[in-house]
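# Summary of the model geometry
So the chains spell out like this:
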Amino acid sequence: MDVSLTSIAAYSYALVSACFLVLGAPLAVRQRRRHDVALGLACLASVLWGAALAWEAAYGSMWSSLADSTELLRNAAWSVFLLVLRGHFTEPGSRMPMRLQPVLVLGALVYIACLAAAVGGYWSVAHVQYSGAAPIAVRVAMAVSGMLLVEHVYRNRTLHERWAVKFACLGIGAMFAYDFFLYSHTLLFRSIDADIWAARGLINALTVPLIAVSLGRSKLWSSPLSVSRRAMFHSATLFGSAIYLLAMGSAGYYLRYFGGNWGTVMQVTFLFGALMLLAGVLFSGSFRARLKVFISKHFYRYNYDYREEWMRFTRTLSKPGPDLGERAIEAVAALVESPGGALWQRTEGGRFEPVANWQGPHLAASEPADSAFCQFLEASQWVVDLHEYAHSPDKYDALVLPEWLAGYPRAWLVVPLILHARLFGFVLLQNPRSPVKLNWEVIDVLEIAGSQAASQLAQQDAANALMVARQFESFNRMSTFVVHDLKNLVLQLSLMNANAAKHKDNPEFQADMLETVDYSVQKMKIMLQKLSRSESAEQPLALALDQVVEQAVSLKAAFEPRPRLEVGDASLHVLADRERLERVVGHLIQNAIEATPRTGSVTIRLQREGARGVIEILDTGEGMSEDFIRERLFKPFDSTKSAGMGIGVFESREYINELGGSLEVSSTPGVGTTFRVLLPLHQQEVPADGGAQHAPRAA
């Protein structure tokens, strides 16, 4: 190595040794917390590592057994510090020393083996072109594991806690990242770059201020920390992929080295095949399932990350779309890595029918609700393991499996869906992608998930039933309105029939009677169309308000007292449906006539008030109290008439409000009542439909 570069390397590593000495010295007198001790040991290991490399560089050497040993101690110390920040070293039931997690024990053994190799002189990379790629590959793996630990610590902190550890993560991550760069470059080019190696000390020295800033916030370091299963899964996948690619890269190098003329072709082909194999493994559902089970089994106390699982379960059930049954199967199956299943649900006929299947065959077999199988599920609420039942049926007491269940391929679990202590349905799941041990935790999760799925399915059934009920309610409401109109027509025809004997020889009465019958027939045809729901949607038209009111008044001309019309403004137009508006005005006039004695009067006035047209119906009848107007007048199906239906005033107000108007009532008992219909005027004065006929008057 060049003399000038040797001096630079010596000063570089001496500087990093001094920096970590300054950083670690105050920790000797601080409160002895666990992370303080770990950080102090990491600083001490870095001091020794920097001093050893500075000593070697001063004598023109890059590597020695001492330098290799101190580097391993440094990497191990910083990894231990990160593990302290991460927390959760032990695992209940572990057979490892001090109940440590198996992966930690494995990592410690790897570091001890590497340290022994370094002390024996088998770890040096000074002559990498001759000594092989194994020592470099292990160093790259150590750098990758260090970066993964940094990622775990930072990812699993809250926003407030990240403020305390972010600079420490940045500094320590930078150290491992630079090591990764150095050794990857060495592995690629089969030689050590002296410039990169010399700058390593300065790069590490730059990380000291970052760690020092984070040390000032260390009171938050000891907050509880847990690594999510998602983070562990992705990190394990990334780490495994890195190790695999390093191994394949090394194998490809040897193929090229020993392949002669075919070496390059063999290397490219081998690496491309290795990448395809890796992609196939990573996209394999079975592989992912096995890895998740392995992580949950060996790294965590419980099998499930309940927050993540319940959020996923809820999101699956809440997806938009009509296929709630399939989504319910999918949500339950994902809890035990099952690839498919089917759903049976209770029907109104008292049987459990297959209503959905997800990634599995359709089985058209039903089960009576009073069968021994369904009664067992409802009474015990147990999750039935069909494999366990095949070997030990006595564990399930009086359970008798239906014959059709044997025809379902790869049947594994029957999960009851319990709602209000009753069996709402059950889900049949297929064998899992990876072996799953059905302990108490898994069974409890399946039972709770089954109840939640039953609630969602019942809510959907209730919503569908409510929609049907509303359709019937709408039809019944329409029928009520039609019956109310028929009552008015019957009343008009009855009055005409009563006068027929007196005026049967009067040609004018006969002509008027025929016109009245024809008008009634046309009205009843319109009602039948509405009941059959075959008519087209209403198309509001610009109507001349005086013609609509005159039509309604003429229909009541045969009653006593005879209504009198006063038109103050004949130019008013409104946008409405002629039949409905005429019916509203006619009903209000009919009520006024019925509430007024024959000697009284009923007056209808039409006038303008600003941008609104006003129809006033005034009578000198009995009147109404304020309590009656407030509590009963607009209440549907509440009537003071013996033959009344109590729907007319309610319908009138609803349609007037629909047009953007309002209905006002003022009344004094013993004096009379005034109804005021206020309607917004149509902006464009369009002539009213002239095709409407005036109803004849039956005298």
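Below or above, wherever it landed, is the structure these notes cover. What you are looking at is a predicted structure, and each value in this text was computed from that prediction instead of being measured. (Residues numbered from 1 in each chain as written. Predicted model: local features only at pLDDT ≥ 70, side-chain atom pairs only at ≥ 80, totals over all residues. Heavy atoms only, no water.)

## Looking at the packing of aromatic side chains
- With the rule as written, the count across this model stands at 13 aromatic pairs.
- Judged by centre distance (5.5 Å) and plane angle (90°), the ring pair of Phe373 and Phe426 falls under edge-to-face. A residue pair is termed long-range when its members are at least 10 positions apart, and Phe373 in helix H14 (residues 372–380) and Phe426 in strand S6 (residues 422–430) qualify at 53 residues. Each member of the pair, Phe373 as well as Phe426, carries the same accessibility label: buried.
- Ring plane angle 70° and centroid distance 6.1 Å describe the contact between Trp382 and Tyr396, whose orientation is recorded as edge-to-face. Here Trp382, found in the loop between H14 and strand S4 (384–385), pairs with Tyr396, found in the loop between helix H15 (386–391) and strand S5 (411–419); they are 14 residues apart in sequence, far enough to count as distant.
- Overall, Trp382 belongs to the partly exposed group, its relative accessible area being 34%. (Phe/Tyr/Trp six-rings, centres within 6.5 Å; stacked < 30°, edge-to-face > 60°. Helix = DSSP H or I, 4+ residues; strand = E, 2+ residues; numbered from the N terminus. Buried < 20%, exposed > 50% of the residue type's maximum accessible area, 1.4 Å probe, protein only.)

## Notes on the sheet that holds strand S1 (residues 341–346)
- Taken in spatial order, the six strands make up an open sheet running S3-S2-S1-S6-S5-S4, and their pairing is antiparallel. The sheet is open, and its two edges are formed by strand S3 (367–368) and S4, each paired on a single side.
- Alignment of S4 against S5, held across two bridges, turns out to be antiparallel. By the bridge assignment, Val384 is partnered in S5 with Val414.
- Here H14 sits on the sheet and contacts S1, strand S2 (351–358), S3, S4, S5 and S6; the angle it forms with S6, its principal contact strand, is near 105°. (Pairing = 2+ DSSP bridges. Contact = heavy atoms within 4.5 Å. Axes fitted to C-alpha atoms, helices over the stretch in contact; angles between N-to-C directions.)

## Regarding the environment of Leu678
- Turning to its location among the elements, Leu678 is positioned in strand S13 (residues 672–680).
- Leu678 sits in the buried class, given a relative accessible area of 1%.
- Not counting residues within four places of it along the chain, the set of residues in contact with Leu678 comprises Glu609, Arg612, Gly613, Val614, Ile656, Gly661, Ser662 and Glu664.

## A word on the pattern of salt bridges
- A full pass over the atoms with the stated rule returns 15 salt bridges.
- When the shortest N-O distance is used, the salt bridge between Arg564 and Glu566 registers 2.5 Å.
- Classification of Arg564 as partly exposed rests on a relative accessible area of 45%.
- Between Glu616 and Arg605 there is a salt bridge whose closest N-O contact spans 4.0 Å. Taken together, the residues span a long stretch of sequence, with Glu616 in strand S11 (residues 612–619) and Arg605 in strand S10 (residues 602–609) at a distance of eleven residues. (Salt bridge = Lys/Arg side-chain N within 4 Å of Asp/Glu carboxyl O.)

## Examining the sheet that holds S10
- Strand order in the open sheet formed by five strands is S8-S10-S11-S13-S12, and the pairing between neighbours is mixed. Two strands lie at the open edges of the sheet, namely strand S8 (564–567) and strand S12 (662–668), each paired on one side alone. Taken over all neighbouring pairs, the strand axes of this sheet differ in orientation by 15° on average, direction set aside.
- In the packing of helix H19 (residues 578–594) onto the sheet, contacts are made with S10, S11, S12 and S13, and the angle to S11 comes to roughly 25°.

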